[in-house]
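# Residue-level structure breakdown
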Amino acid sequence: MTRKKRRLYMLGLALLGLGTATALTLTAFEDNLVFFFSPTDLQMKVAEVQDRSFRLGGLVEDGSVKRQPDGITTDFRVTDGVNGVLVSYRGQLPDLFREGQGVVAEGKLRPDGVFLAREVLAKHDENYMPPEVADALKRAEHFRAGETTLVKE
Amino acid sequence: MIPELGHYALVLALFVALVQATLPMAGAATGNAAWMAVARPAALAQVLLIAVAYLALTWAYVVSDFSVMNVVQNSHSLKPMLYKVSGVWGNHEGSMILWVAMLAVFGAAVALFGRNLPPTLKARVLSVQAMIGVGFYLFILMTSNPFVRVIPAPLEGNDLNPLLQDPGLAFHPPFLYLGYVGFSMAFSFAVAALIEGRVDPAWARWVRPWTLVAWSSLTLGIAMGSWWAYYELGWGGWWYWDPVENASFMPWLAGTALLHSAIVVEKRDALKTWTVLLAIVTFSLSLMGTFLVRSGILTSVHAFAVDPERGVFILFLLIIATGGSLALYAYRAPSLKAGGVFAPVSREGALVLNNLLLSTATATVFIGTLYPLFLDVLDLGKVSVGPPFFNATFVPLMIPMVAVMAVGPLLAWKRGDLPGALKRLWSAAAATLAVVLLTVWVYGGPVMAIVGMGLAAWATVGALAELAERVRLFRIPLRDSLARAAGLPRGTWGTTIAHASLGIAIVGMVGSSAWQSETIQAMRVGDTAEVAGYSIRFDGVDQGIVENFRTDIGRFTVERDGAFVATLTPERRFYPSQQMTTTEAAIHTTWLSDVYIALGDPNEAGQWTVRLYHHPFVPWIWLGCIGLVAGGLVSLSDRRLRVGAPERRRSPPAAAAHAAE
């Protein structure tokens, strides 16, 4: 095989690989991108998120955490200071889950408007605030301009 | 006084590195032997200085010197000694000291053992190595100085994040960094070769041992991190396709490709420009891994508090290192002479396919990891890319790779015989069929899992069949076969061990994702729960105070069909110094599967949240990873790859002249 032919062959293979990867990536993106919404975002996008998995972020509202009688399901409200969404999660919450702290939950919105969380993201460090949450809080604060701030950290 | 000494040593190391980065490079360009000779003592001086800095910081931790800010923030006088020592690298500043220390050690290793390197190449390699060093010394001194004092000194420290007080994680960062930094050697050699304008088999023989060291360490580091996540986080998973995990996985994938393409350069003098590019990319991905983890720009389940200023600094380092080396590559690579010709079906061809698939896989992981960041920067919304994306892109690329992996080593260099190779893999094909049928019979599905189990059998038995073929097992007397096996090069053994181990690890990955059973229950003392045929009785909770934490220890009795299996004691620890709780899962392993219990909170009604899992084949992941590392180390012990010995091997005339002292 001549060098030229080999080069052509390699180029073909490389293009095939690249093409496959692009196709795989694009199809996978279509189905698997998980969007992030704050409770305020959600107010405007309820129609869009039906049956889609997404991430909800904000602060765990003080006094809202309630353990259900089954001993495993926990209900709490996630708030950005303007709006709040009721979240229901069945399972063990991360060790650093606390009222008043930032939280990111992944799951779907039930038709009754309750967010059914499949996963509540854990943090390894209590000073850590997920960047999306910090941003969502900032936007909400801007929205309520003039009121006292809710973000303490 | 001692911390100041460390600080001073660090500043001195910066200046030594500055000299080492410039003089030898200029010397190599102008042919000034005296300037080039500066590299060796400078590299050794760097090690000495950075050792002083490192020991000074360790000293501050060991004696709990709370006048040092870094110790206050990350240590506690009651912390066990192991975590005082490992706490040095358990935080950002200290881990960066470890980073440069390793960089200096690698540089010194070249200075000491690279006696038969051509003097100009050696001078340039050490120079490039020192340039990386300068960047990181500046980074430490300007943004992350661990020797900063705090006045007045507090009486007690804040303690190390309790999640990190764990033997699995204590040694995770050093191995990970050894891998990241180890790839700097391949990078320095690649940049030096571009400046020299020549890449030949001798060059590949110098690069391979460093790449092997780096790759083995990185494999071990990633495996330890995964193992830690498995038992310490209490979620029962071992890989989440999380950005921080991907950050270490991308250099691993690229490094694996580099390891294989360097073989082609060494044996066949082909794929040279590609190998140089891979070396640059692999180290750039290592730098990017450091950047992603340290800047905190991505939401990660493993995220720690971070400082954006540091992220910007590392980003600049990344841009200079990657941009500079790629520009040099674009300028110089065309001048590298192309080497040996080969047919598509050949050992080289198989290795090219391996490289294509691995780099494509790296690219998909890269896109999935950075896409959210990209959208965020362009203000197009906040998204995250989760496991389904990676499963849909990464897995399909790995299927052909594993399938080819068994065939490749059986093909001859230059022109291979595919039907012949496949014929010699009949035992692997039979094993694959048997495993597929067994899987269908026992589990019945899903399809992907059956494919995965078949592939795993194909990879493992294929690797062993190749070995059997080499020693002509059962075709000549067994004693002669054993003699042949003993005479095989270590590199061949390494390949077989690593390839067979990958198959074993795949069994674990497939099995645990397809057939895991999980139940979460609120249990009172005396309750019994069932998972995957095991019945688990909750016998009670003991409380205790150990060193720097309080602990609740659950007692569970595991039974199967009425017969006693094990007593498991998962723990829930509370660290008062950080007001933080951690989970220590209890695991009973049969080597075929794990029974896994994590203890949660008690509620007002006296019930404890308990997570019970049955993880089939998870121990095989750890066995497979140990095997991969062992394969790397066995290859490394091949005398042909020994850093001091490459000139003894017969080499093409050009390389021989090049290697001559």
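Note that this is a predicted model, so its numbers are computed, not measured.

Along its length, chain A carries three helices and seven strands. Reading chain A from its N end, one meets helices and strands in the order α-β-α-β-β-β-β-β-β-α. Sorting the 153 residues of chain A into buried and exposed places 35% on the buried side.

Moving on to the overall build of chain B. Tallying secondary structure elements over chain B gives 22 helices and 11 strands in all. For chain B, the C-alpha radius of gyration of 26 Å lies close to 26 Å, the compact-globule estimate for 661 residues. By the burial criterion, 55% of the 661 residues in chain B qualify as buried. Restricting the contact set of chain B to residue pairs at least 6 apart, pairs at least 24 apart contribute 75%.

Time to look at the confidence of the model for chain B. Within chain B, residue pLDDT values average 87, and 95% of them lie at 70 or more. Residue range residues 644-661 of chain B is modelled with pLDDT below 50. Its contacts to residues more than four positions away, or to other chains, number 27 contacts.

Let's shift gears to the pairing of strand 3 (residues 528-531) of chain B. Of the pairings in the sheet, the one linking strand 3 of chain B to strand 4 (residues 534-546) of chain B comprises four bridges and is antiparallel in character. Among the inter-strand pairings, T528 of chain B is bridged to a residue of strand 4 of chain B, identified as R537 of chain B.

Before going further, it helps to spend a moment on the packing of helix 3 (residues 39-62) of chain B against helix 7 (residues 119-143) of chain B. Residue and element names in this part refer to chain B. Packing of helix 3 against helix 7 brings their axes to within 10 Å, and their N-to-C directions diverge by 35°. Pair helix 3 / helix 7 crosses with left-handed handedness. Along its contact with helix 3, which presents A39, A43 and Q46, the element helix 7 presents K122, A123, L126, S127 and G133. Residue composition of the contact of helix 3 with helix 7, grouped by class: four nonpolar, three polar and one charged.

Residues and elements named next belong to chain B. When its domains are assigned, chain B resolves into domain 1 (1-160), domain 2 (162-363) and domain 3 (517-619). Taken over C-alpha atoms, the centre of domain 1 sits 22 Å from the centre of domain 2. Those elements that provide at least two residues to the side of domain 1 that touches domain 2 are helix 5 (81-86), helix 6 (92-113) and helix 7. Among the elements that line the side of domain 1 that touches domain 2, the one with the most residues is helix 7, at 10 residues. Here the side of domain 1 that touches domain 2 is built from residues that sort into 15 nonpolar, nine polar and one charged.

A few words on the pairing of strand 10 (residues 593-602) of chain B. Residue and element names in this part refer to chain B. Of all 10 residues making up strand 10, eight are buried, and the element is well covered by its neighbours. Counting the residues that bridge the hairpin from strand 9 (residues 586-589) to strand 10 gives three residues, and of these W591 lies at a positive phi of roughly 70°. Of the strand pairs in this sheet, strand 10 and strand 11 (residues 608-616) are connected by eight bridges, and their pairing is antiparallel. In the strand pairing of strand 11, A598 is matched with R611.

With 82% of its residues at a pLDDT of 70 or more, chain A has an overall mean of 76. Per-element averaging of pLDDT across chain A places helix 3 (residues 131-143) of chain A at the bottom with 69 and strand 5 (residues 84-90) of chain A at the top with 90.

On to the sheet that holds strand 2 (residues 517-523) of chain B. All names here are of chain B. Spatially, the four strands line up as an open sheet ordered 2-11-10-9, and their pairing is antiparallel. Unpaired on one side and paired on the other, strand 2 and strand 9 mark the two borders of the sheet. If you compare each strand with its neighbour and ignore which way they point, the axes differ by 15° on average. Here strand 9 runs beside strand 10; their pairing, made up of four bridges, is antiparallel. Following the sheet pairing, T589 is matched in strand 10 by D594.

Counting 233 residues, the largest nonpolar core has V100, A186, F189, A279 and I597 of chain B as its most contacted members. Filtering out sequence-adjacent residues up to four positions away, A279 of chain B remains in contact with A186, F187, F189, A190, V207 and L258 of chain B.

For the rest of this paragraph, the subject is the packing of helix 20 (residues 490-514) of chain B against helix 21 (residues 618-636) of chain B. All names here are of chain B. For the pair helix 20 and helix 21, the least separation of the axes is 7 Å and the interaxial angle reads 165°. Looking at the two axes, helix 20 sits roughly antiparallel to helix 21. The hand of the helix 20/helix 21 crossing is left-handed. For the contact of helix 20 with helix 21, a count of residues per class yields 18 nonpolar, 10 polar and one charged.

What follows is about unusual backbone geometry. For residues other than glycine, phi is negative in most cases, and the peptide bonds are mostly trans. All names here are of chain B. At the junction of I151 and P152, the peptide bond is cis and its omega measures out at -5° in the coordinates. Structurally, the position occupied by P152 is in the loop between helix 7 and helix 8 (167-170). A positive phi angle, close to 55°, is found at W241, a residue other than glycine. Here W241 is to be found in the loop between helix 10 (201-232) and helix 11 (243-268). Despite not being glycine, L271 shows a phi value in the positive range, around 60°.

Residues and elements named next belong to chain B. Note that S184 resides in helix 9 (residues 172-196). For S184, a count of 27 C-beta atoms within 10 Å gives the class buried. As a C-alpha pair, S184 and W210 span 26 residues in sequence and 9.0 Å in three-dimensional space. The residues contacting S184, other than those within four sequence positions of it, are L103, F106, Q129, I132 and F283.

Turning to helix 9 of chain B, a few remarks are in order. Residues and elements named next belong to chain B. Taking 1.5 Å per residue as the helical rise, helix 9 with its 25 residues ought to reach 36 Å, and the 37 Å between its terminal C-alpha atoms agrees with that figure. Across the 25 residues that make up helix 9, a large majority, 22, are buried. Once helix 9 ends, the next one or two residues include G197, with phi positive near 85°.

Residue and element names in this part refer to chain B. Mapping Y575 onto the fold places it in strand 7 (residues 571-575). For Y575 and A430, which are 145 residues apart along the polypeptide, the C-alpha to C-alpha distance reads 54 Å. Setting aside residues up to four positions removed in sequence, Y575 forms contacts with D159, P162, N548, F549 and M580.

Along the polypeptide, I536 of chain B turns up in strand 4. If near-sequence neighbours (up to four positions away) are discounted, I536 of chain B is found in contact with T528, A529, V531, F556, V558, I597 and L612 of chain B.

Here is what the cut-offs are and how they apply
Residues numbered from 1 in each chain as written. Chains lettered and ligands numbered in written order. Predicted model: local features only at pLDDT ≥ 70, side-chain atom pairs only at ≥ 80, totals over all residues. Helix = DSSP H or I, 4+ residues; strand = E, 2+ residues; numbered from the N terminus. Buried ≥ 20, exposed ≤ 12 C-beta atoms within 10 Å, placed from the backbone. Rg over C-alpha atoms; globule rule 2.2 N^0.38 Å. Contact = placed C-beta atoms within 7 Å. pLDDT = per-residue confidence, 0-100. Pairing = 2+ DSSP bridges. Axes fitted to C-alpha atoms, helices over the stretch in contact; angles between N-to-C directions. Left-handed = near helix turned anticlockwise from the far one by under 90°. Nonpolar A, V, L, I, M, F, W, Y, C, P; charged D, E, K, R; others polar. Domains from an automatic or database assignment. Core = buried A, V, L, I, M, F, W, Y, C linked by C-beta atoms within 7 Å. Parallel < 35°, antiparallel > 145°, perpendicular 65-115°, else oblique. Expected span 1.5 Å × (residues − 1).

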